[in-house]
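Next come the chains, spelled out residue by residue.
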Amino acid sequence: VADYVDFYASEQHATNLGRMFRPDSEPLLPNWKHLPVGYHGRAGTVVVSGSPIRRPQGLRLPGPEFGPSRKLDVEVELGFVVGVGSDLGSPVTPGDFADHVFGVVLLNDWSARDIQSYEYVPLGPFLGKSFATSISPWVVPLDALPRVPAPVQDPPVADYLRTDSDWGLDITFELALNGEVVSRPPYRGMYWTPPQMLAHITANGASLRTGDLFASGTVSGDDVAERGSFIELTWNGEQPVNGRAFLEDGDSVTISARTATGAHLGEVEGTVVPA
Ligand code: CA
């Protein structure tokens, strides 16, 4: 992996987190429908499926006090792999997406919610995310993915984000905890499309490198059983799922996915080991 970027492209996921963390204001911040919000993650800690995940430590409340995360979570995401780079100073348009992106992997953005919620103000995700990101071992070519119309975007987006093709992807994930499926997030409703995310990464002239990885952000649908993280499934731990508010040591999490045409996209697994 060269560089790694993580987006926040699901309106349902962004709305759920906004409701939880900012209950007294609009769930979506004013910029959310004008650009695909994202951040640069840590490429060096992207690990392949099957790698153990050591529970991270960090500062968390009350206190703050340094210690093992008590709110270890997952995020069900799709990762896009860049095959062909681009030149510094030359933005890539949405229409050039398929000239640069080779295919997709399934991705688990492990997240320590207690570390994240204390550290993220005002610059965003840092140590609550950077300890590990797991990906499936095989890259599935774009051509294998059935495309459907993406959601209508209102208000209209800026010119550099305009796309004239249908880039919703008809993929359904399964999130399993210790072998039991707890959620089936659908990708097709994601608000921001992959070509828009790529165009946004390079809109300022930043270049791409072979091996760059950018992720969709948590995939969550409209229904409770379509949420792609435990913080949403359990509503920040208030409503446990299969006895879990968040992950315990020894828990194994597997994300798998299929296309609407029945193609299996593989799986990504990780087991939590003690701090
Ligand atoms: Ca994420």
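Bear in mind the structure is a predicted one, so any value in this text is a computation, not a measurement. (Residues numbered from 1 in each chain as written. Predicted model: local features only at pLDDT ≥ 70, side-chain atom pairs only at ≥ 80, totals over all residues. Heavy atoms only, no water.)

Membership of the largest hydrophobic core comes to 51 residues, with the highest contact counts inside it found for Phe 80, Phe 173, Tyr 187 and Phe 214. Breaking this core down by element, the ones donating at least two residues are strand E1 (4-7), strand E8 (76-82), strand E9 (101-109), strand E15 (171-177), helix H5 (194-202), helix H6 (230-233), strand E18 (252-259) and strand E19 (264-273). Among residues more than four places away in sequence, those in contact with Phe 173 are Val 76, Glu 77, Leu 78, Leu 106, Ser 183, Arg 184, Pro 185, Tyr 187, Val 219, Ile 255, Ser 256 and Ala 257. Of all hydrophobic cores here, the second largest spans nine residues; its members include Tyr 4, Val 46, Val 81 and Leu 213. (Core = buried A, V, L, I, M, F, W, Y, C linked by side-chain atoms within 4.5 Å. Buried < 20%, exposed > 50% of the residue type's maximum accessible area, 1.4 Å probe, protein only. Helix = DSSP H or I, 4+ residues; strand = E, 2+ residues; numbered from the N terminus. Contact = heavy atoms within 4.5 Å.)

Before going further, it helps to spend a moment on the coordination of the calcium ion. Put simply, a metal with four donors set out as a tetrahedron has ideal angles of 109.5 degrees, and one with six donors set out as an octahedron has ideal angles of 90 or 180 degrees. Summarising the metal site, the calcium ion is bound by the protein donors Asp 6 (OD), Glu 75 (OE), Glu 77 (OE) and Asp 109 (OD), whose distances to it range over 2.2 to 2.3 Å. Spacing between the donor residues of the calcium ion along their common chain follows D-x68-E-x1-E-x31-D. Taken together, the positions of Asp 6 in strand E1 and Glu 77 in strand E8 put the pair 71 residues apart, joining distant regions of the chain. Given a relative accessible area of 2%, Asp 6 falls into the buried group. A residue is classified by how much of its surface remains accessible, and Glu 77, at 0% relative accessible area, is buried. (Donors = N, O, S within 2.8 Å, 3.2 Å for Na, K, Ca; no water.)

Turning our eyes to something else, we now look at the pattern of salt bridges. Counted under the stated rule, the structure contains 13 salt bridges. Arg 209 serves as the salt-bridge partner of Asp 3, at 3.1 Å between the closest nitrogen and oxygen. Here the residue Asp 3 occupies a position in the segment before E1, and Arg 209 occupies one in the loop between H5 and strand E17 (213-215), the gap between them amounting to 206 residues. We note a salt bridge from Asp 73 to Arg 113, for which the minimum N-O separation is 2.8 Å. Taken together, the residues span a long stretch of sequence, with Asp 73 in strand E7 (residues 72-73) and Arg 113 in helix H3 (residues 113-119) at a distance of 40 residues. Judged by relative accessible area, which is 0%, Asp 73 ranks as buried. Arg 113 gets classed as buried once you look at its relative accessible area, which sits at 4%. A single salt-bridge network, built from bridges that share partners, covers Asp 73, Glu 75, Asp 109, Arg 113 and Lys 129. (Salt bridge = Lys/Arg side-chain N within 4 Å of Asp/Glu carboxyl O.)

Our next topic: the pairing of E8. With seven of seven residues buried, E8 is to be regarded as a mostly interior element. Residue alternation in E8 divides its side chains into two sets, Val 76, Leu 78, Phe 80 and Val 82 and Glu 77, Gly 79 and Val 81, and both sets are buried. Taken together, the seven bridges between E8 and E9 define a ladder with antiparallel strand orientation. The residue of E9 that forms the bridge with Val 76 is Asn 108. Examined bridge by bridge, E8 and E17 share three bridges and lie antiparallel to one another. Counterpart to Phe 80 in the pairing with E17 is Phe 214. (Pairing = 2+ DSSP bridges.)

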